[in-house]
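Notes for the structure review
For reference, the chains in residue letters:
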Amino acid sequence: MASYGLAEFQSVCADVRKQQLHSLRSILTSNLNTKRLRDSGIVLSEDEVAEADVEALLRDLPLTTYADYQTTLERALEAAERGDEEGYATAAGELLSERPDMLCCTTGTTGAVKLIPRTALTSGPPMQAFAFMDRMLRVALHASIGGKELRLGWRAPIRVLPNGVWVGAVTACGTHKFLEQYDKGNPMVRALFGKSPSPVPVLKASDPHTTYYMHWLFSLLDRHSIVGTFASEILSAVNILLAYQDCLLRDVAEGRLGAGWDTDSTSTPLVAPSDEILAALGPLLQPNPDLATELREIFAAGRVGLLERLFPQLQSIKCICTGSMAKYVPALRQLAPSAPLLSLCYGATEATLGVSAELVEYAELLAANGISLDGNSSAPPAEPGTPHQQHDSGAPHRPQSGPSADGTGAGRAGTITSVSSGGRNSDDTASKNGLAQDSPASRLLAHNGKNGGGPAPPSPPQACTAVPSFQDFISGQDPGQASYILVPDAQVYLEFLPLDVEEAAEGGQPQLVRMHELQVGQLYEVVVTNMMGFYRYRMGDRVRCVGDWKTSPKVVIEGRTTQDLNLSSEKVPDVFLRELVHSVAGRLLPLGAAQITDWAARECLHTTGSGVGHYIFYWELNPSSHKSSTTGLPTSISTTTSRDSMSHKTNNAGTEGSSTVVTTGDVPSLAACAAALDAGLATPNSIYKSYRRMGRVGPVELRLVTPGSFAALAKLAFDRGASPGQFKPPVVLTAASQIELLDGRVVDSAVAGEQVHTLRSILSSNLDTKRLRDSGIGPGENEVAEADVEALLRELPLTSYADYQETLERALEAAERGNEEGYAAAAGELLSERPDMLCCTTGTTGAVKLIPRAAITSGPAMQAHAFLEGMLRLALPDSAQGKDLRFSWRGPIRVLPNGIWVGSVTACGTHRFLEQYDKGNPMIQALFAKAPSPVPVVKANDPQTAYYMHWLFALLDRHSIVSISGTFASVILSATNTLLACQGSLLIDVAEGRLGAGWDSDNASATLVAPSDEILAELGPLLQPNPELAAELREVFAVGRAGLLERLFPRLQSIKCICTGSMAKYVPALRQLTPSTPLLSLAYAATEATLGVSAELVEYVELLSIGGNSSCGDSSALPAEPDMLHEHYGSGAGHRQQSGASGAGATADRHDTSTSVSSVGRNSSDGASKGSQALDGFASMLAPPARASKTGGDFVPVHPSQSCPAVPSFQELHSSQDPGQTSYILLPDAQVYFEFLPLDADETPQGSEPQPVRMHELQVGRLYEVVITNDLGFYRYRMGDRVRCVGHWKTSPKVVIEGRTTQDLNLAGEKIPDALLREVVHLVAGRMLPLGAAQLTDWAARECLHADGCGIGHYIFYWELNPGSHGSIVTGPIRATAANSSGSIIHGTNTASLEGSSTVGSSGSPIPSLAACAAAIEDGLAIRNPFFKSSREMGRVGHVELRLVTPGSFAALDKGASPGQFKPPVVLTAASQVELLDGRVVESAVAGQV
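As a starting point, this report considers the structure included with it. What you are looking at is a predicted structure, and each value in this text was computed from that prediction instead of being measured.

**Comments concerning the overall build of the protein chain**
Scanning the protein chain from N- to C-terminus turns up 49 helices and 40 strands. In the protein chain, which comprises 1490 residues, the proportion classed as buried is 61%. Here the protein chain displays about 52,500 Å² of accessible surface, and carbon together with sulfur accounts for 51% of that area.

**So, the state of the cysteines**
The full count for this structure, using the stated rule, is zero disulfides. Looking at the unpaired Cys173, the closest cysteine sulfur is the one in Cys104, lying at 4.4 Å. The exposure class assigned to Cys173 is buried, which follows from its relative accessible area of 0%. Free of any disulfide, Cys1057 has its nearest neighbouring cysteine sulfur in Cys1059, separated by 3.6 Å.

**What to know about the side chain of Arg703**
Following the sequence through the fold, Arg703 ends up in strand E19 (residues 701-705). The class of Arg703 is buried, set by a relative accessible area of 16%. When neighbours within four sequence positions are excluded, Arg703 is seen to be in contact with Arg602, Ile616, Phe617, Tyr618, Trp619, Asp743, Val746, Asp748 and Ser749.

**Side note on the pairing of strand E30 (residues 1089-1094)**
Where burial is concerned, most of E30 is hidden: six out of the six residues are buried. Pairing of strand E29 (residues 1083-1086) with E30, which is carried by four bridges, proceeds in the antiparallel orientation. Considered in E30, the bridge of Ala1085 is made with Thr1090. Between E29 and the antiparallel strand that follows it, E30, lie two residues. For E30 and strand E31 (residues 1224-1226), the ladder comprises three bridges, and the chain directions are antiparallel. The residue of E31 that forms the bridge with Gly1092 is Leu1226.

**A few points about the pattern of salt bridges**
A full pass over the atoms with the stated rule returns 59 salt bridges. Between Lys550 and Glu364 there is a salt bridge, and its shortest N-O distance comes to 3.4 Å. Of this pair, Lys550 sits in the loop between strand E15 (537-549) and strand E16 (552-560) while Glu364 sits in helix H18 (residues 357-368); the two residues are 186 residues apart in sequence, bridging distant segments of the chain. The partner of Asp1314 in a salt bridge is Arg1282, and the shortest N-O contact between them spans 3.5 Å. Residue Asp1314 is found in helix H45 (residues 1314-1328), and its partner Arg1282 is found in strand E35 (residues 1277-1289); the two are separated by 32 residues along the sequence. A relative accessible area of 2% places Asp1314 in the buried class. Sharing partners across several salt bridges, the network here consists of Arg17, Glu55, Arg514 and Glu517.

**Side note on the sheet that holds strand E17 (residues 596-604)**
Taking strand neighbours across the sheet as the criterion, the four strands line up as E17-E18-E19-E20 in an open arrangement whose pairing is mixed. At either end of the open sheet lies a strand with only one pairing partner, and these are E17 and strand E20 (746-751). Here the average twist between neighbouring strands, direction ignored, is 20 degrees. Along the sheet, helix H21 (residues 574-588) makes contact with E17 and strand E18 (614-621), crossing E17 at roughly 125 degrees.

**A few points about the packing of helix H35 (residues 943-956) against helix H37 (residues 983-992)**
For the pair H35 and H37, interaxial distance at closest approach is 10 Å and the crossing angle is 50 degrees. By the criterion of interaxial angle, the relationship of H35 to H37 is oblique. Every pair of crossing elements has a handedness; the one defined by H35 and H37 is right-handed. Residues Tyr948, Trp951, Leu952 and Leu956 of H35 form the contact with H37, whose own contacting residues are Ser985, Leu986, Asp989 and Val990. Class assignment for the residues of the contact of H35 with H37 results in six nonpolar, one polar and one charged.

**Focus: helix H7 (residues 85-93)**
Considered for burial, the residues of H7 that qualify are Tyr88, Ala91 and Ala92. Around the axis of H7, the buried residues are gathered within 95 degrees of arc, so they sit on the same side. Lining the buried residues of H7 we find helix H6 (67-82) and strand E1 (102-105). For H7, the capping residue at the N-terminal end is Asp84, with a side-chain oxygen 3.4 Å from the backbone nitrogen of Glu86.

**Examining the pairing of E18**
By the criterion of burial, E18 is predominantly enclosed, with eight of the eight residues buried. Residues His614, Ile616, Tyr618 and Glu620 point to one face of E18 and Tyr615, Phe617, Trp619 and Leu621 to the other, with burial holding for every one of them.

**Some words on a negative patch on the surface**
On the surface, Glu46, Asp47, Glu48 and Glu51 cluster together into a patch of negative charge. Mapped onto the elements of the fold, Glu51 is located in helix H4 (residues 46-51). On the accessibility criterion, Glu51 (71% relative accessible area) is exposed.

**Here's the deal with the packing of aromatic side chains**
If you walk through the whole model with that rule in mind, you get 26 aromatic pairs. Look at Phe9 and Phe132: their rings are 4.8 Å apart centre to centre, the planes differ by 45 degrees, and that puts the pair in the tilted class. Taken together, the residues Phe9 in helix H1 (residues 6-12) and Phe132 in helix H8 (residues 124-140) connect sequence positions 123 residues apart. The class of Phe9 is buried, set by a relative accessible area of 0%. Between the aromatic rings of Tyr362 and Phe470, the centroid separation amounts to 5.1 Å while the plane-to-plane angle is 55 degrees, which identifies the pairing as tilted. Here the residue Tyr362 occupies a position in helix H18, and Phe470 occupies one in helix H20 (residues 470-473), the gap between them amounting to 108 residues. Each member of the pair, Tyr362 as well as Phe470, carries the same accessibility label: buried. Cluster of aromatic residues (ring-pair linked, three or more members): Phe887, Tyr947, Trp951 and Phe1049. Sitting over the face of the ring of Trp599, Lys327 holds its NZ or CZ atom 5.0 Å from the ring centroid. Taking NZ or CZ as reference, Lys1065 lies 5.1 Å from the ring centre of Trp1339, over its face.

**As for the side chain of Asp251**
Among the secondary structure elements, Asp251 is positioned in helix H13 (residues 245-254). Residue classification places Asp251 among the buried positions, given a relative accessible area of 2%. At a separation of 3.2 Å, a polar atom in the side chain of Asp251 contacts the main-chain amide nitrogen of Ala259. Asp251 has contacts with Tyr213, Leu217, Arg256, Leu257, Gly258, Ala259 and Gly260, leaving out every residue within four places of it along the chain.

**A closer look at H45**
The end-to-end C-alpha distance of H45 is 21 Å, a good match for the 21 Å that 15 residues give at a rise of 1.5 Å each. Among the 15 residues in H45, 14 count as buried, and that is most of the element.

**As for the environment of Phe867**
Within the element layout of this structure, Phe867 appears in helix H32 (residues 859-875). For Phe867, a relative accessible area of 9% puts it in the buried group.

**A few points about unusual backbone geometry**
Across the chain, the bulk of peptide bonds are trans and the bulk of non-glycine residues have phi less than zero. With a phi angle near 55 degrees, Lys550 is a residue other than glycine that sits in the positive phi range. One non-glycine residue, Arg1276, lies in the positive phi region at around 50 degrees. Structurally, the position occupied by Arg1276 is in the loop between strand E34 (1263-1270) and E35.

What counts, and at which threshold
- Residues numbered from 1 in each chain as written.
- Predicted model: local features only at pLDDT ≥ 70, side-chain atom pairs only at ≥ 80, totals over all residues.
- Heavy atoms only, no water.
- Helix = DSSP H or I, 4+ residues; strand = E, 2+ residues; numbered from the N terminus.
- Buried < 20%, exposed > 50% of the residue type's maximum accessible area, 1.4 Å probe, protein only.
- Areas by Shrake-Rupley, 256 points an atom, 1.4 Å probe, with all protein chains shown as cover.
- Disulfide = S-S within 2.5 Å.
- Contact = heavy atoms within 4.5 Å.
- Pairing = 2+ DSSP bridges.
- Salt bridge = Lys/Arg side-chain N within 4 Å of Asp/Glu carboxyl O.
- Axes fitted to C-alpha atoms, helices over the stretch in contact; angles between N-to-C directions.
- Parallel < 35°, antiparallel > 145°, perpendicular 65-115°, else oblique.
- Left-handed = near helix turned anticlockwise from the far one by under 90°.
- Nonpolar A, V, L, I, M, F, W, Y, C, P; charged D, E, K, R; others polar.
- Arc of directions from axis to C-beta.
- Polar contact = N/O pair within 3.5 Å; in protein donor to acceptor, adjacent residues only side chain to side chain.
- Patch = residues over 30% accessible without salt bridge, like charges linked within 9 Å, V, L, I, M, F, W, Y side chains within 5 Å.
- Lys, Arg positive; Asp, Glu negative; His and termini not counted.
- Charge placed at Lys NZ, Arg CZ, Asp CG, Glu CD.
- Phe/Tyr/Trp six-rings, centres within 6.5 Å; stacked < 30°, edge-to-face > 60°.
- Lys NZ or Arg CZ within 6 Å of the ring centre and 35° of its normal.
- Expected span 1.5 Å × (residues − 1).

Keep in mind these values describe shape, not function.
And the structure:
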């Protein structure tokens, strides 16, 4: 490798094949007379080698490893140790013709210690590579020419053997060699050391930490740039800086050297340097108290951006950040958010392999733009500790940029002429060079319109806006994945073993490829032949080719072949482990991955108690993140917000480089982090996933070790002679000594699996039941605590309600007879605790079910609702000061002779709450006080009458209403229909101050059942005549339906009801009534279990906490509203935008910022918020145990009227989201154990049954059926809900619910799910009806097995329109739409353009018939379901039929059911429902009639 500049390097790389042949010929020629070559059959003269096909000669040699050379080199070492020069020469001469003067040792941290012989000849390439990189760096960073470099060098000990051979780390030997030359007065070496702020004696200290201390002291006195070998070395030095900052400041102030090792200055003193060193350095110091004061302020600002504040002209940090060092990038980026982290060379003790591609390409960019390059070819000699042992990084380039900290000089990286304010050199000479094809430089030039000529070269101080600064050039790149240009003439011949595809010759010998044969994107192991006598030597580095520079490949290094986790052939490489740990830590730790000082992993062959192996991860956190005064550990592993939790609002790529996150409060425990690692391993590695499921590999274990543990690992290596400039902390631990050391420092550990605890609790609570005993699960409670409970559960079959029906019906029959013993015996087959309720489902989407409930089983629902109420108060500050219009009603229940209640879960819950209210329970009374309606309203004997009275009292207090609540969207719409139908009666009652117009026989509009005299007597005295309000309300009603609720209640903040799942079909109608008010689906629950909470609400509170905002409201939320938590079958698919049109008179500007959610009614006496505690409680629910808050207390209260411009209002954040597709965070400890049955076809191998996956195994984008095991005695119970995983919050999945498995249309195997039916109906109605889909009061569909006259089945849809839109659909104002000859209104239209249509104004023009609407539905189904399309074309399914029913038809479906629980079906299956609707049809049409 010749000494060259950019032009020479371009020339060398122009013909890689030629250069590599020359290198191989030189290697063979130089070692022709060695035993190694002779034994290999290569016995040629130099002239013969010059003519031979040297590549063919090499191919005849086998691949080798260090073991093939070990015996020879150990014989040489033993001879040298004895002083046997002849024996040494003989042994070494078997490999090299030239006598090696050094035996350089590797550290052995990723394998066995190796001895690598070095000669003067073999030392040339690394020195030349570094000199070349140094020149390129001067070009890239002009200011670096005049500055100084803090080189963290240390003269590590070496051994000088009796025959004069040096033995030690290559960096240690290099440093000794340079100091030897320095002492001899070598002018170039002296010039090199003159660039450092540290005097030479600093390097000669006997301890590396003492050396670091002195480096820091002299650099703080003369602040500029940093240089080091590895990222780990710089972080180790920074730890010394932080640990001894007070000592350093004392030495600066006093102008002395000694506070760091004075026993009265520090409890852990450093090793004092020799008197000789102290004598040499002492006279160089002068007292500087002003500087000490300045530095103290800099340190006080914290760790973030520290190095850039300490060194304001910092241009670069030169250290290897790739390969095993990539795990330190987050911590380095925290210390220096914007300074380039430069990995200059890719090399090892065995060979120098490559140079920084980014640096070379930037130099090209400068040259192509006519900017002067440094023409001084007399570059300083190579820095001794830099280009060696650099086993490096990465995968494909991923953007990463660190945030700028205050005071770090964010404006330093401008154009090339403003990189820094000082130190520029104007003596550059002009240079022009060609560009590598498809390099970043060429792409930038193409973007800028340059062709290699460019403008006349400016002098350095002039602005050159076409060329970015080097900082800008690399700002989007991850330093941990820097690429290297392989050097073709560095005295090494390179071959590559393909790893992506197993290639082998007939004899099993892998087929290697040459340097010029690398394929972009392919993964290889590096194989070298070098001047040191190593032939076809497998280095163990994995490299991936990512491109070419000229003809030389560019590679990133993807770890080491010896650094896999591989218990059962799953082969998890180290590069993936780094990505995984960074991802998990970045999501769960408050400072992201920067909070981890170091980490490693290992295989454990036997998990205690299970007999299977598992993986153990060790994490060491920054000392500053440790809280406990007794253990030095954090009271929580993290107090962060989940970075991916806001993924639907934030570009994920933008978070990659984030090094800090300001957070809310306590978050996932150590177990949750372990679970995240476990799930992360399973996501891309199907073998690991399979083995985990089969129980062949146990769950991941995470162990937290004390601060300094990994430094102790380094000390182990130093004690064996390793140099800090060469030590590479392992990613995968294999050495017993390393494992023993870390295991001895563990202070906390946890195994993945929060759900395991829940399952264990469920099984323990019902151990003595017949159901478990008959299933073969009969161990004692202590045995369950030790058992693999997931394995026990997997032995049980999947179940449905039919498996429990007979038992529960026997219990009901016994209770009806008053047979308590029989009831207890039957119910006891499922639950240990006697259930006090048998809650009924409505049976609208299947058979009526009986679900047993006990006091203990009501806890999760109440806790979830209390948590959500606390979150809602934070998101909507005014909601804490206003009232909530709740459409609750005490539905009928039966109280059986043995005291058991039977009824819907909402009815039972409301009765329970009223019972507590009558007993004077203060919390229940406070809950009801939040409603405008007096309690007797809830006790009406008819739901519509209750709704009427709710409206009356709400209208009387309309300016206090901030929210409207109902269990389901259908409840709100049913109540609104009562409002509109009875508005005249309501206005009479308001004006006259009475209660009765709605049911007076002399009132023509009366339709309601009169309440009892007792209720009337209680409510009558509360009313007063108010004709003015009546007149005002009459004007509000006169404007129409659009925006009605927002006009009636000007302070309205939210509509709380389930809008997902089967309720999604009511969103358009609700959106018409409230165009801008958030429609909130707070909880995902069912009678069987509480499953999840609103992801959007939780994530918004996180956003507030990140922004430091707080609102009013005490998080000690009231008990759960009974009819808000049950039968919540949630919503749709991926997020789709939907915004409702604003109605006339609606308050269009209510939601402009977070500080103007409402224009009236703010209360300035809000108490301190405790929302952080509520969120902390939820985070600990996801990952117990709860930990102390990072901030140590509550949020600082911020009054809502204060400006918070960085955070949008909750309304703004949700304005573009479809309420029908709300996502839910699944609750891992809500007394339910989750499994999920994959429904996507490609999830299940052909011919096999789908196997359930666990909660942490859900894959984003996949569709599943929910399977639960709960504390009600239901095991592996198929709920029938379809859910799609759309992301994660912390480690818990976020899901949307895509309907019910029982709600498909499926005449001929086409399986049209209810979610698709909703999509098509909304699209067609939105396109064809004058008010869009909002004009539909309700709709449903069914299968008809025999169409009249044709003998084939078809689908029938039923539409009920708003009362005001009836008349003939043909003659009414349905929107005119161009239909083709087939009657289709969608065929030939870009469906994507229709997706956002929610309402269409009336045109008044001739309109399509009902048949056209049927045709549109048919086309919509055919476009989205190819099986339906095929069945239609083949005549297996008939045309779609559309039937119009009278107003009130769908309301008649729910007679006798609880309004708070009834879910109108999407697909009709009950004969009674079909008969009812068919009896109310007023018009019908078939698609083919168009």
